[in-house]
Amino acid sequence: MVSKRRTQRINAIIDYIEHDHPDILCLQELWIKRDYEEMCTRWKSFYPYSRHFKEGLIGTGLAVFSRFEITSAHMATFPVNGAPWHIHRGDWYSGKGLCKVIVRVPVVSDFHDPTDILEADKAHLNDDTKQTQENLHIAVFNTHIHAEYNQTTKDMTGTRICQLYEARHAIESHIYMYDGVIVAGDFNTQSDELMFRYFFKDDYGLGNHLNDLGANGMNCTSGLNEYSRHPKRIDYILASRRFECTHFTCSNVSDPTDSFSLSDHGLLKAKLVYDCQSDCTMQDRNQIDRRRTIDETANQTLIDILENDKRKRLDQARWFFALWLFVLALTIGFGAYSYVTVYIPGYPRTISLLLYILFPFLIFIGDALLFLWLFAREEAKVFERIANDL
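Each value, and the rule that gives it
Throughout this document, residue positions are counted from 1 along each chain, in the order its sequence is written. Reporting in this predicted model follows two pLDDT cut-offs: at least 70 for local features of residues, and 80 or more for side-chain atom pairs to be given and counted; totals over whole chains, interfaces and linings ignore these cut-offs and use all residues. Side-chain metrics rest on all non-hydrogen atoms present in the structure, leaving aside hydrogens and water. Only runs of H or I of at least four residues qualify as helices and only runs of E of at least two qualify as strands under DSSP, and these elements are numbered from the N terminus. Exposure classes here rest on a 1.4 Å probe applied to the protein chains alone. A residue is buried below 20% of its type maximum, exposed above 50%, and partly exposed in between. Contacts are residue-level and defined by heavy atoms, with any inter-residue pair within 4.5 Å sufficient. Each accessible area is a Shrake-Rupley result for a 1.4 Å probe, and residues are judged covered by the shown protein chains and nothing else. By definition, two strands form a pair when at least two bridges between them are found by DSSP. The axes are straight lines fitted to the C-alpha atoms, using for helices just the contacting stretch, and the angles between their N-to-C directions are given from 0 to 180°. For this analysis, a ring pair means two rings from Phe, Tyr or Trp (six-membered ring only for Trp) whose centres lie within 6.5 Å, classed as stacked if their planes differ by under 30 degrees, edge-to-face if by over 60, and tilted for the remaining angles. The cut-offs work like this: below 35 degrees is roughly parallel, past 145 is roughly antiparallel, 65 to 115 is roughly perpendicular, and the gaps in between are oblique. The hand of a helix crossing depends on one turn: near helix anticlockwise from the far one by less than a right angle means left-handed, and clockwise means right-handed. Only Asp, Glu, Lys and Arg are considered charged, only Ala, Val, Leu, Ile, Met, Phe, Trp, Tyr, Cys and Pro nonpolar, and every remaining residue, Gly among them, polar. Here, nonpolar core means buried Ala, Val, Leu, Ile, Met, Phe, Trp, Tyr and Cys residues that are tied together by side-chain atoms lying within 4.5 Å of each other. Per-residue confidence from the predictor is given as pLDDT, running between 0 and 100. A helix's residues, less one, multiplied by 1.5 Å, set its expected span.

Undergrad: Whenever I open this one, the overall build of the protein chain confuses me. Can you help?
TA: Across its full length, the protein chain holds seven helices and 11 strands. A total of 390 residues make up the protein chain; the buried ones form 45% of that total. Counting contacts in the protein chain only where the partners sit at least 6 residues apart, residues at least 24 apart contribute 74% of the total. Of the roughly 19,900 Å² of accessible surface on the protein chain, a fraction of 55% belongs to carbon and sulfur atoms.

Undergrad: Before we go on, may I ask you to explain the environment of tyrosine 356 in this structure?
TA: Here tyrosine 356 is to be found in helix H7 (residues 349-389). In this structure the C-alpha to C-alpha distance between tyrosine 356 and serine 338, which are 18 residues apart in sequence, comes to 7.4 Å.

Undergrad: I'm lost on the sheet that holds strand E2 (residues 49-52) in this one. Help?
TA: Neighbouring strands of a sheet are bound in pairs by backbone hydrogen bonds; such pairs are parallel or else antiparallel. Sheet architecture is open: three strands sit in the order E1-E3-E2, paired in antiparallel fashion. Either end of the sheet is taken by a strand with one partner, and the two such strands are strand E1 (24-27) and E2. Neighbour-to-neighbour, the strand axes of the sheet open up by a mean angle of 5°, direction not taken into account.

Undergrad: Can you walk me through the packing of aromatic side chains in this structure?
TA: Centre distance and the angle of the planes are the two values used to describe a pair of aromatic rings. In total, this model carries 20 aromatic pairs according to the counting rule given. Measuring from ring centre to ring centre gives 5.7 Å for tyrosine 36 and phenylalanine 65, while their planes differ by 45°; the resulting arrangement is tilted. Placement of tyrosine 36 in helix H2 (residues 33-43) and of phenylalanine 65 in strand E3 (residues 63-66) is noted, with a sequence separation of 29 residues between them. The burial state of tyrosine 36 is the same as that of phenylalanine 65; both residues are buried.

Undergrad: How should I be thinking about the packing of helix H1 (residues 6-19) against H2 in this particular structure?
TA: Two quantities define a packed helix pair, namely the angle between the axes and the distance from one axis to the other. Relative to each other, H1 and H2 sit at 25°, their axes nearing to 10 Å. Our classification of the angle between H1 and H2 gives roughly parallel. Read as a crossing pair, H1 and H2 show a hand that is right-handed. For the pair formed by H1 and H2, the contact residues are Arg6, Ile10, Ile13, Ile14, Asp15, Ile17 and Glu18 on the first element and Arg34, Asp35, Glu38, Met39, Arg42 and Trp43 on the second. For the contact of H1 with H2, the residue count by class is six nonpolar, no polar and seven charged.

Undergrad: Is there a simple way to explain the nonpolar core in this structure?
TA: Generally speaking, soluble globular proteins have nonpolar side chains that are buried together. One finds Ile171, Phe199, Phe200 and Leu390 to be the most contacted residues of the largest nonpolar core, which totals 35 residues. If you list the elements that add at least two residues to this core, you get strand E5 (97-108), strand E6 (133-144), helix H3 (157-172), strand E7 (180-186), helix H4 (194-201), strand E9 (235-240), helix H6 (296-342) and H7. Among the elements that make up this core, the one with the highest residue count is H3 (six residues). Core analysis: the second largest hydrophobic core is formed by 24 residues, Val64, Met75, Val103 and Leu213 among them.

Undergrad: Is there a simple way to think about the confidence of the model for the protein chain in this case?
TA: Of all residues in the protein chain, 76% attain a pLDDT of 70 or more, and the chain-wide mean is 81. Here residues 110-132 scores under 50 on pLDDT; set against residues more than four positions off or in separate chains, the count is 43 contacts.

Undergrad: Before we go on, may I ask you to explain H3 in this structure?
TA: An α-helical turn contains 3.6 residues, so any two residues separated by three or four positions project in the same direction. With 16 residues, H3 should cover 22 Å at 1.5 Å per step; its first-to-last C-alpha distance of 22 Å lies within 8% of that length. Most of H3 is tucked away: 13 of the 16 residues are buried.

Structural data, given as structure tokens:
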């Protein structure tokens with residue numbers, strides 16, 4: 001929301017997409033409604049369908065634009081999303097989660113290349129070819145996972161495990177529900193990190209269901225990006241097995257004068273070809289599930305992290321509750337003192353007045369501590385639930 005050259009960068013992004021627009025576009029960190037509305041206005045000729053998800057105090061920052069009709073949309077916010085006292089990070093105040101849109105893609109069965117859903121357009125076909133038309137229903141997911149801001153303490157590891165766990169389960173339930181699944185987003189997790197491999201690449205995760213496109217690219221904070229010089233790969237496009245990726249690019253995009261980068265992340269772009277002949281059924285899923293093996297060492301490592309974070313949250317909850325009791329005692333004591341001194345003849349009223357002024361602050365602090373106590377307990381319950389599920 002507040003960033004270097006925000007307006008210039010947004011306008012440059014709009015201009016860039018006007019000249020090179022994919023059929024489906026997933027954006028993260030699009031916080032301001034005015035920016036979204038400007039995009040809708042400028043892009044309406046090639047993106048007649050779009051959704052902007054506004055959950056949370058400042059919104060999710062997630063948006064999906066599509067050339068194809070969006071038949072439904074849903075947003076599932078993560079049960080844990082950072083801490084409210086990390087105001088400088090802002091994650092808790094956003095509604096980070098996993099958004100889903102279902103797009104209806106027209107496919108003509110006797111077209112010369114019926115599998116290419118991103119190129120088939122009935123407006124370009126003759127009347128004979130249009131006679132047998134079908135629709136594919138593709139589930140498109142877009143997400144933004146919490147970052148690990150402090151690489152020394154790694155205080156958000158448990159939170160990120162929970163978010164990846166929730167995302168994986170939500171996506172897995174749709175693998176065979178629709179004709180295809182596409183997942184895109186800022187996972188803030190490198191591909192060799194245990195939590196990403198466990199949930200999205202290994203046999204236990206979605207490795208048997210989704211292909212990781214562009215596995216060798218560096219798409220965030222590359223050496224060509226002015227905002228950071230440490231290359232890493234934390235953004236992904238994943239697609240179900242019915243898709244074949246015929247082209248993938250990962251690039252740092254600058255403004256036309258090459259004076260500044262449009263984002264601290266690179267642009268990922270993939271061309272997908274759909275295999276209409278593939279027959280993936282629920283029986284195939286069951287066979288894959290039977291072959292699924294669990295890496296016991298990795299599983300125990302994730303459980304230990306969650307248990308450790310649960311203990312930290314419970315310790316924080318105890319401190320918050322103790323401080324709340326202290327503030328409550330102060331409030332009651334000052335209240336009684338102020339009430340009594342009002343009726344003592346000749347007693348300085350200045351002290352009573354100061355105490356009266358202090359009351360609202362004590363009540364506010366008490367309410368905040370009570371909220372933080374409840375928050376820490378609820379997060380500890382989520383950590384415990386997911387650790388038990390693992």
